[in-house]
Amino acid sequence: MARIASAVTIRFGLFEVDLGRGTLARHGTPLRIQEQPFRILELLLRQQGEIVTRDQLCKVLWPEGTHVNFDGSLNAALKKLRAALQDDAENPRFIETVPRQGYRFVAPVHVINDVPATFLAGQVANMENGDAALEVRLRLRPEFSQELSAGAPWDRQRAERAQRWFDYLLLTVAIVFGSWVLFFIVYPVPRPSVQRMNRITNAGRIDEWGGIVSDGTRIFFLERGAGRWRLMQTSVEGGNAEVMAAPFEKTRLFAVSPDHSQFLIGQFTRRDDEMPLWLWPVQGGEPRRLGQATGHDPAWSPDGTQIVFVRGQNLYSIRGDGTQLRQLVHLEGDLRAPAWSPDGENIRFTVDQGEYGTSSIWQMTADGNGAHPLLPSGTQPSDQSAGNWTADGKYFLFSGCEQYKCNLWAMRDAWSWFRRSHHGPFPLTSGPDVLHVTIPTQTGSRIFAFSFRSRRELEKLDPQTMRSSMLSLDSLAQEASVSPDGQMVVYSNRPDGSLWRSNTDGSQRLRLSSVPLGGLSPRWSPKGEQILFTGVRNDQPRQIYLLSSDGGALRPVLPNGWEGANADWSPDGYRIVVTMRNLKIHPHYALFTLEPTTAIWKELPDSKDFSEPRWSPDGRYIAALDSANHHLALFDVQRGKWTPMASGGFLEAPHWSVDSSSIYFQDQLDDQESVFRVDVATQRVQRVLGFGEILRVSATHCFFSGLGRDGSIYVMLERGLTDIYALDIDLP
């Protein structure tokens, strides 16, 4: 076996010996070993496999002239060495006793690294520091030079210094990390807040349906008066609004291209119709069709290459040059207000479940995949709509409504690793005005919102003389129904939607329903003894209720699993006709007759998607409106057939004359929001009363609310103002 003449580190079994440092380790764990046992181990390793006599060991351990009990001391040192190595003299694994000769290291060894043997055996360094351990190491390891021996302490000092720096670094990192954790927990990112709110317009007749569009310096909106729409513009700082010279008589401006060179506009006849989409140069000129795109609410992608728009229950995309029209997604419900994320990867939009459902914001990828609601079910606010990102993409702003009260909300999209941040959503405003629809400008810290302030008055008008008398109601009344004898009125009240009853002079007010139940579409029984209404609770199907006109317990009348929209009484007061559906077995609304006392119900044939039913006083007919509110139809109860009666822009509130000879209704999109009458026998339509003069002078809207037995007309006058406000928001 060759001698190990230059090994620095030697490994055997689970042990490792560093001859340069004079250390012994087991499995990487340093072991404590005295100098003499280590010197014996080093000598045996250097002559691995060969016999080392006791005389050789004594000469290495005790220089000439040393007086000691050699045999006893050597045996003691060998015993300590075997104990450190967990070796057994009777059954040795490492150190074998050769009788009468000496000792031999029998385990295989592995040399880890070498240092060239360049110096004479037995040379001892003459160190100025007189380090005894170094002198022993040189005596045991003659291959060390005097220069290497002198450098060993410096190597050890450098290693110790590096270890100290490493410890300091760990301590610094721990302090910094602990400080960050404390700061992260104790000082979260503040919630966004409104700093200032300034009124931009003073028109009062802005149509919210037209939305708000901004190019950073101007805002554009629609103004409506007596059935006419005008495209308006004003500075983002406010001032006088000016009429824009629009290319069509009825023009709606939807968006400005990212490079501010083109407007996206629509040409409409009626508000709720799909309209052809056009591109119109900002500097003026002739518009050009956007391919075959027909719909509403188009929105540019951030790079200006794509446009998404809504058509019914579908979302489409088309290139800016009018090519590559394709459908992205189809969902149950009406889609509106799509918005691109600033990075162009996602699209968010509003899904409206219809007049009797709620609206929510959905998200999908730009290619139409992964459509899902943005907020979990039950998250406030219950109604969400008209959302858009801020310019930097950190926040998503939207309109949120609870019980007729709408405010601005914000949701944080960006995550901060430095400070704890809440996702939201957070309310930015809280009354008293109704605020909704937001649009960020180019700066990202200013948004625009509609502010709606409204009060309503119920008046009784004589169509012949136009003489009027006011009925005393709460100024927050939403919709009202006068009793058959004209002495009492029932109405729903804002902002909580509670149902109230009072005399027409305002006396004897009585609350009929309380939060969280709201009441809509109240109807008196023929004798005025009971009230039928639609009950509304958040996140629950709508139910039809009966209750006494004097108050008392509510009685639900719909079968289990069904939800209702609105209802009316039969002339005898024992049955009702109701708009209802069952999402599992009958997912579309239809008309049914129902006996509340027996729970027997029957569907009217071919009545899918009809609503607002009204039973004629003679019991022969049921009038109803289609789902788009464009058509009024008549159902013959005896013959079981439908007959179209009238059509218009947006029909509402059908009511029968006392003699059942004609049906009165209102067209909200008529120039004067007029009330019409259609003769059942001849199907001749005649204007009964126009509200043009009232709209020009004192009211923003007029709502037909019923007929008196003397032929007078009840009308709810809305004396409200809609204006645009600029809100400067702190978005941390």
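Preceding this paragraph is the structure being described.
Here's what I pulled together on the structure shown here. The shown structure was predicted, so the numbers you read here are calculated from the model rather than taken from an experiment.

Under the defined criterion, the tally for this structure stands at 22 aromatic pairs. Taking the centre distance of 5.4 Å and the plane angle of 85° together, the rings of Trp229 and Phe268 count as edge-to-face. Of this pair, Trp229 sits in strand S12 (residues 228-235) while Phe268 sits in the loop between strand S15 (262-267) and strand S16 (275-281), placing them 39 residues apart in sequence. We classify Trp229 as buried; its relative accessible area is 8%. Since its relative accessible area comes to 4%, Phe268 is described here as buried. Plain terms: the ring middles of Phe263 and Trp280 are 5.7 Å apart, the flat faces sit at 45° to each other, and that makes the pair tilted. Remark: Trp280 occurs in strand S16 and Phe263 occurs in strand S15; sequence separation between them is 17 residues. By the burial criterion, Phe263 is buried, and Trp280 matches it. The lysine or arginine in question, Arg252, covers the ring of Trp209, its NZ or CZ lying 4.8 Å from the ring centre. For the cation-ring pair, Arg289 lies above Trp278, with the distance from its terminal atom to the ring centre recorded as 5.8 Å.

A word on the sheet that holds strand S17 (residues 288-300). Reading across the sheet, the seven strands line up as S14-S15-S16-S17-S18-S19-S20 and stay open at both edges, with antiparallel pairing between neighbours. Since the sheet does not close on itself, it has two edges, and those belong to strand S14 (251-256) and strand S20 (326-330), each with one partner. Looking at each pair of strands side by side, their axes are set apart by 45° on average, direction ignored. Bridge count between S14 and S15: five bridges; the pairing is antiparallel.

We now examine the pairing of S20. Pairing between strand S19 (residues 314-319) and S20: four bridges, direction antiparallel. Its bridge partner lying in S20, Leu315 is registered against Val329. Taken together, S19 and the strand that follows it, S20, pair antiparallel across an intervening segment of six residues, in which Gly322 is found at a positive phi of about 90°.

This part covers the layout of surface pockets. Space inside the second largest pocket adds up to approximately 900 Å³. Looking at the lining of the second largest pocket, the elements that each hand over two or more residues are strand S33 (477-482), strand S37 (518-524), strand S41 (563-569), strand S45 (611-615), strand S49 (651-656) and strand S53 (701-707). The element contributing the most residues to the lining of the second largest pocket is S53, with three residues. In the lining of the second largest pocket, the residues fall into 13 nonpolar, 13 polar and seven charged.

Before going further, it helps to examine the nonpolar core. As a rule of thumb, soluble globular proteins bury nonpolar side chains together. Within the largest apolar cluster, 29 residues are counted, with the highest numbers of intra-cluster contacts made by Leu253, Phe263, Leu264, Ile265, Leu277 and Leu290. In terms of residue count, the dominant contributor to this core is S16 (five residues). For Leu264, the contacting residues outside a window of four places in its chain are Arg252, Leu253, Phe254, Ala255, Trp278, Leu279, Leu290, Pro298, Ala299, Trp300 and Ile307. Residues Phe15, Val17, Leu78 and Phe94 belong to the second largest nonpolar core, which totals 28 residues.

Turning to a nonpolar patch on the surface, a few remarks are in order. A contiguous nonpolar patch, built from Phe166, Leu169, Leu170 and Val173 and spanning about 380 Å² of accessible area, is present on the exposed surface. For Leu169, the location among the structural elements is in helix H5 (residues 146-186). Of the residues examined, Leu169 reaches a relative accessible area of 49% and is grouped as partly exposed.

For helix H1 (residues 35-46), which comprises 12 residues, the first-to-last C-alpha distance of 16 Å matches the rise-based estimate of 16 Å (1.5 Å per residue) to within 8%. Where burial is concerned, most of H1 is hidden: 10 out of the 12 residues are buried. All of the buried residues in H1 are Pro37, Phe38, Arg39, Ile40, Leu41, Glu42, Leu43, Leu44, Leu45 and Arg46.

On to the sheet that holds strand S46 (residues 621-625). Pairing is antiparallel across the open sheet formed by four strands, whose spatial order is S45-S46-S47-S48. The sheet terminates laterally at S45 and strand S48 (641-647), the two strands that pair on one side only. Adjacent strand axes in the sheet meet at a mean angle of 25° when their direction is disregarded. Bridging between S45 and S46 involves three bridges; their strand directions are antiparallel. Paired with Arg614 across the strands is Ala623, a residue of S46.

Reading the values: the criteria
Residues numbered from 1 in each chain as written. Predicted model: local features only at pLDDT ≥ 70, side-chain atom pairs only at ≥ 80, totals over all residues. Heavy atoms only, no water. Phe/Tyr/Trp six-rings, centres within 6.5 Å; stacked < 30°, edge-to-face > 60°. Helix = DSSP H or I, 4+ residues; strand = E, 2+ residues; numbered from the N terminus. Buried < 20%, exposed > 50% of the residue type's maximum accessible area, 1.4 Å probe, protein only. Lys NZ or Arg CZ within 6 Å of the ring centre and 35° of its normal. Pairing = 2+ DSSP bridges. Axes fitted to C-alpha atoms, helices over the stretch in contact; angles between N-to-C directions. 1 Å grid on protein atoms, 1.4 Å probe; cavity = no way out; pocket = protein on both sides within 12 Å on 5 of 7 lines; lining within 4 Å. Points joined across faces, edges and corners; volume = space filled by probe spheres on them. Nonpolar A, V, L, I, M, F, W, Y, C, P; charged D, E, K, R; others polar. Core = buried A, V, L, I, M, F, W, Y, C linked by side-chain atoms within 4.5 Å. Contact = heavy atoms within 4.5 Å. Patch = residues over 30% accessible without salt bridge, like charges linked within 9 Å, V, L, I, M, F, W, Y side chains within 5 Å. Areas by Shrake-Rupley, 256 points an atom, 1.4 Å probe, with all protein chains shown as cover. Salt bridge = Lys/Arg side-chain N within 4 Å of Asp/Glu carboxyl O. Expected span 1.5 Å × (residues − 1).

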